[in-house]
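So you can see what is in the structure, the chains are spelled out below.
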Amino acid sequence: MDYKNAGVDIEAGYQSVELMKQYVKETVRPEVLGGIGGFSGAFSIEKFKDMEKPTLVSGTDGVGTKIKLAFLMDKHDTVGIDCVAMCVNDIACAGGEPLFFLDYIACGKNQPTKIATIVKGVAEGCKQCGAALVGGETAEHPGLMPEDEYDLAGFAVGVVDEKDLITGADLKAGDVLLGIASSGVHSNGFSLVRKVFDMTKESLDTYYDELGKTLGEALITPTIIYVKALNSVKDAGVRIKACSHITGGGFYENVPRMLHDGVQAVIKKDSYEVPAIFKLLQKKGAIEEHVMYNTYNMGIGMILAVDSADVDKTMEAIRESGETGYIIGEIRDGERGVTLC
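Predicted model, so just to flag it, every value in this text is computed and none were measured.

Visitor: Explain the overall build of the chain to me, and be specific about the residues and the numbers.
Guide: If you tally the helices and strands in the chain, you get 12 helices and 14 strands. Rg of the C-alpha trace for the chain: 21 Å, near the compact-globule value of 20 Å for 341 residues, within the 12% margin. The proportion of buried residues among the 341 residues of the chain is 52%. A separation threshold of at least 6 residues defines the contact pool for the chain, and within that pool the share at least 24 residues apart is 85%. Counting every atom, the chain has about 15800 Å² of accessible surface; 49% of that belongs to carbon and sulfur.

This is the structure:
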């Protein structure tokens, strides 16, 4: 009896590392010390000494049950982007620059090519936000997970000068809310998605005219990483007063997190076109509108609050970053919360 007979293939682990090295190398930043394979990832903070009060910000998350879609479609090169996005978008919400990322993959059986494909997606997400993939872990769990399944989670660290932290502390009535478009469902609410649609190859391969693609293609679309867009706004000289990443809990849970007591957010639902995937989901599942806005991003992945004088400059910066922005509402005096009208 040996470890391999017990279900853990050490050699497959070595092969996975070799296959993923090419993708990891593409994410290296000048601050990264050493290479892949060590017991920890080393990252120099020398360049951040020029900040008045360099402050670390961090985020951790996974992909949720969207991972089941990857299994059904046998498509594993985009869930890594989702994983990175869920972590670094939260860091960007605080005004932070993502520095480095680590992933954790738990699998029933280590299939080196599949693992390397997952990490390829993680590396792509890191490249999109400028973070270095400095390490990770692939854990083989025979008997705990089916051989052809896996789970994926990640952890990111960023930096921001304390004076540049986005806290929402100085929000005031009259400030304007801008929304940046999402790419679709992103990585939240898939337990409900899987109840509404048949999760079969036939169902996922079904083409919908209103989507302009198959259902599977629409649902697997990776989460947008908003780091570049927020950096563009900052580089334009605009001070973002508050920021909310619209993830699980939709508008009703996430928007209040950017507010302080005494102000409320008022969002106009007709200020942008809700993407077809959400309309299809709501119709097929007979889901109440409140539930939709309390579960999904409904086409808006990030909400910014800026001074009314900075609206045009902010919208232009969002466009220059390659994303689509909308003026969706305003801040008013009142009880802390969000009103959709």
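Visitor: Pulling in residues and values, what's your account of the sheet that holds strand β11 (residues 263–267)?
Guide: With mixed pairing, 6 strands are arranged side by side in an open sheet as β10-β12-β7-β13-β11-β14. Either end of the sheet is taken by a strand with one partner, and the two such strands are β10 (242–245) and β14 (337–340). Along the sheet, successive strands turn relative to each other by an average axial angle of 25 degrees, direction set aside. Where β11 and β14 come together, 4 bridges link them in parallel fashion. Within the sheet, the bridge partner assigned to glutamine 264 lies in β14 and is glycine 337. Its contacts with the sheet put helix α8 (residues 227–235) on β7 (176–181), β10 and β12 (300–306), and the angle it makes with β12 is roughly 15 degrees.

Visitor: Give a detailed account of the packing of aromatic side chains, specifying residues and quantitative values.
Guide: For the structure shown, the criterion picks out 5 aromatic pairs. When the centroid spacing of 5.0 Å and the interplanar angle of 75 degrees are considered together, the rings of phenylalanine 71 and tyrosine 150 count as edge-to-face. On the criterion of sequence distance, the pair formed by phenylalanine 71 in helix α2 (residues 66–73) and tyrosine 150 in strand β6 (residues 150–161) is long-range, its members being 79 residues apart. Judged by its relative accessible area of 18%, phenylalanine 71 falls in the buried class. Here tyrosine 272 and tyrosine 326 contribute two aromatic rings whose centre-to-centre distance is 5.6 Å and whose plane-to-plane angle is 40 degrees, an arrangement assigned as tilted. With tyrosine 272 in the loop between β11 and α10 (276–285) and tyrosine 326 in strand β13 (residues 325–333), the pair connects residues that are 54 residues apart, well separated along the chain. With a relative accessible area of 24%, tyrosine 326 lands in the partly exposed category.

Visitor: Break down the side chain of asparagine 297 for me, with residues and values.
Guide: Locating asparagine 297 in the fold gives a position in the loop between α11 (289–293) and β12. Classification of asparagine 297 as buried rests on a relative accessible area of 3%. A polar contact is formed between the side chain of asparagine 297 and the side chain of serine 182, at a distance of 2.7 Å. Polar contacts involving the side chain of asparagine 297 include one to the main-chain amide nitrogen of glycine 299, which spans 2.7 Å. Asparagine 297 has contacts with Ser182, Gly184, Val185, His186, Ile246, Phe251, Tyr272 and Phe278, leaving out every residue within four places of it along the chain.

Visitor: I'd love a proper account of the state of the cysteines, names of residues and values included.
Guide: Throughout the structure, instances matching the rule amount to 0 disulfides. Between cysteine 93, a cysteine without a disulfide, and cysteine 243, which holds the nearest cysteine sulfur, the sulfur-to-sulfur distance is 3.5 Å. We note that cysteine 107 lacks a disulfide partner, and the nearest cysteine sulfur, in cysteine 83, lies 15 Å from it.

Visitor: Explain helix α3 (residues 79–93) to me, using residue names and the numbers behind them.
Guide: Over its 15 residues, α3 runs 21 Å from end to end, which matches the ideal 21 Å to within 8%, given 1.5 Å per residue. Burial analysis of α3 places 14 of its 15 residues in the buried class, which makes it a mostly covered element. Glycine 95 lies just past α3 and shows a positive phi near 90 degrees.

Rules of the game
- Residues numbered from 1 in each chain as written.
- Predicted model: local features only at pLDDT ≥ 70, side-chain atom pairs only at ≥ 80, totals over all residues.
- Heavy atoms only, no water.
- Helix = DSSP H or I, 4+ residues; strand = E, 2+ residues; numbered from the N terminus.
- Rg over C-alpha atoms; globule rule 2.2 N^0.38 Å.
- Buried < 20%, exposed > 50% of the residue type's maximum accessible area, 1.4 Å probe, protein only.
- Contact = heavy atoms within 4.5 Å.
- Areas by Shrake-Rupley, 256 points an atom, 1.4 Å probe, with all protein chains shown as cover.
- Pairing = 2+ DSSP bridges.
- Axes fitted to C-alpha atoms, helices over the stretch in contact; angles between N-to-C directions.
- Phe/Tyr/Trp six-rings, centres within 6.5 Å; stacked < 30°, edge-to-face > 60°.
- Polar contact = N/O pair within 3.5 Å; in protein donor to acceptor, adjacent residues only side chain to side chain.
- Disulfide = S-S within 2.5 Å.
- Expected span 1.5 Å × (residues − 1).

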